[in-house]
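Structure assessment
Below, each chain spelled out in residue letters.
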Amino acid sequence: MAEAIKEAKKAYSEEEVPVGAVIVSDNRIIGRGHNRVESLHDPTAHAEMIAITAACNSKNDWRLDRATIYVTLEPCQMCEWAIFLSRIKRLVYGARDEQGKKLNNSIEVKDGILKEDCQNLLRTFFGKKR
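Below: a short report on this structure. (Residues numbered from 1 in each chain as written. Predicted model: local features only at pLDDT ≥ 70, side-chain atom pairs only at ≥ 80, totals over all residues. Heavy atoms only, no water.)

Considering the nonpolar core
Counting residues in hydrophobic clusters, the biggest one holds 16 residues, and the most contacted among them are Ala21, Ile23, Ile52, Leu64, Ile69 and Ile88. If one sorts the elements of this core by residue count, helix H3 (residues 47-59) sits on top with five residues. Residues in contact with Ile69, not counting those within four places in the same chain, are Ala21, Val22, Ile23, Glu48, Ile83, Ile88, Arg90, Leu91 and Val92. (Core = buried A, V, L, I, M, F, W, Y, C linked by side-chain atoms within 4.5 Å. Buried < 20%, exposed > 50% of the residue type's maximum accessible area, 1.4 Å probe, protein only. Helix = DSSP H or I, 4+ residues; strand = E, 2+ residues; numbered from the N terminus. Contact = heavy atoms within 4.5 Å.)

What follows is the structure in structure tokens.
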């Protein structure tokens, strides 16, 4: 966690929300990151996302199934899903997110547009893979 705090301090010095993350596998850090949302003009540039990308590049694999991620703040829903999708085995965080998992805006959702075309493309792709 001390290394994650170092990353959070980097974010703080860059006027970013001070959150840091490191990913450890086989007792070595394979990915690290800190919030870069403002500097990269990217709402997905959270510490966890950057650390996951770095770890995947380090392993040359998107599967991080033997890894632990250390984060200074409880992950948001986006980051939780990225942790889940990357198959990280263990999540350790410092501070609880007192804001909770609330969305601070609302979006209009419309589904089913060209549904069959979308489904057929996916079926064809995965049919060839299996």
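With respect to a nonpolar patch on the surface
A surface patch of nonpolar side chains, amounting to about 390 Å² of accessible area, comprises Trp81, Phe84 and Leu85. For Phe84, the location among the structural elements is in helix H4 (residues 77-85). Of the residues examined, Phe84 reaches a relative accessible area of 56% and is grouped as exposed. (Patch = residues over 30% accessible without salt bridge, like charges linked within 9 Å, V, L, I, M, F, W, Y side chains within 5 Å. Areas by Shrake-Rupley, 256 points an atom, 1.4 Å probe, with all protein chains shown as cover. Salt bridge = Lys/Arg side-chain N within 4 Å of Asp/Glu carboxyl O.)

Considering unusual backbone geometry
Glycine aside, residues mostly have negative phi, and peptide bonds are mostly found in the trans state. Although it is not a glycine, Asn27 adopts a positive phi angle of roughly 65°. Here Asn27 lies in the loop between strand E1 (20-25) and strand E2 (28-34). One non-glycine residue with positive phi stands out, namely Leu114, at about 50°. Within the fold, Leu114 resides in the loop between strand E4 (90-95) and helix H5 (115-129).

Concerning the pairing of E1
Most of E1 is tucked away, with five of its six residues classed as buried. The pairing of E1 with E2 spans six bridges and is antiparallel. Its bridge partner lying in E2, Val22 is registered against Arg32. Looking at chain direction, E1 and strand E3 (residues 68-73) are connected through four bridges and run antiparallel. Looking at E3, one finds that Ala21 is bridged to Val71. (Pairing = 2+ DSSP bridges.)

Comments concerning the environment of Ile30
Note on placement: Ile30 falls in strand E2. A C-alpha to C-alpha distance of 10 Å links Ile30 and Thr68, two positions 38 residues apart in sequence. Those residues within four positions of Ile30 in sequence are excluded, and the remaining contacts are Ile23, Ser25, Ala54, Ala55, Ser58, Lys59 and Leu64.

Comments concerning H3
The end-to-end C-alpha distance of H3 is 18 Å, a good match for the 18 Å that 13 residues give at a rise of 1.5 Å each. For H3, every residue scored as buried is listed here: Ala47, Glu48, Ala51, Ile52, Ala55 and Cys56. Looking straight down H3, one finds its buried side chains confined to an arc of 155°; they lie on one side. Where H3 is buried, its residues meet E1, E2, E3 and H4. Just beyond H3, the residue with positive phi is Asn60, at close to 55°. (Expected span 1.5 Å × (residues − 1). Arc of directions from axis to C-beta.)

Side note on the pairing of E3
Where E3 and E4 come together, five bridges link them in parallel fashion. When the bridges of E4 are listed, Val71 appears paired with Tyr93. Tracing the backbone out of E3, into H4 and back to the parallel element E4 gives a crossover that is right-handed. (Right-handed = clockwise from strand over helix to strand, strands pointing away.)

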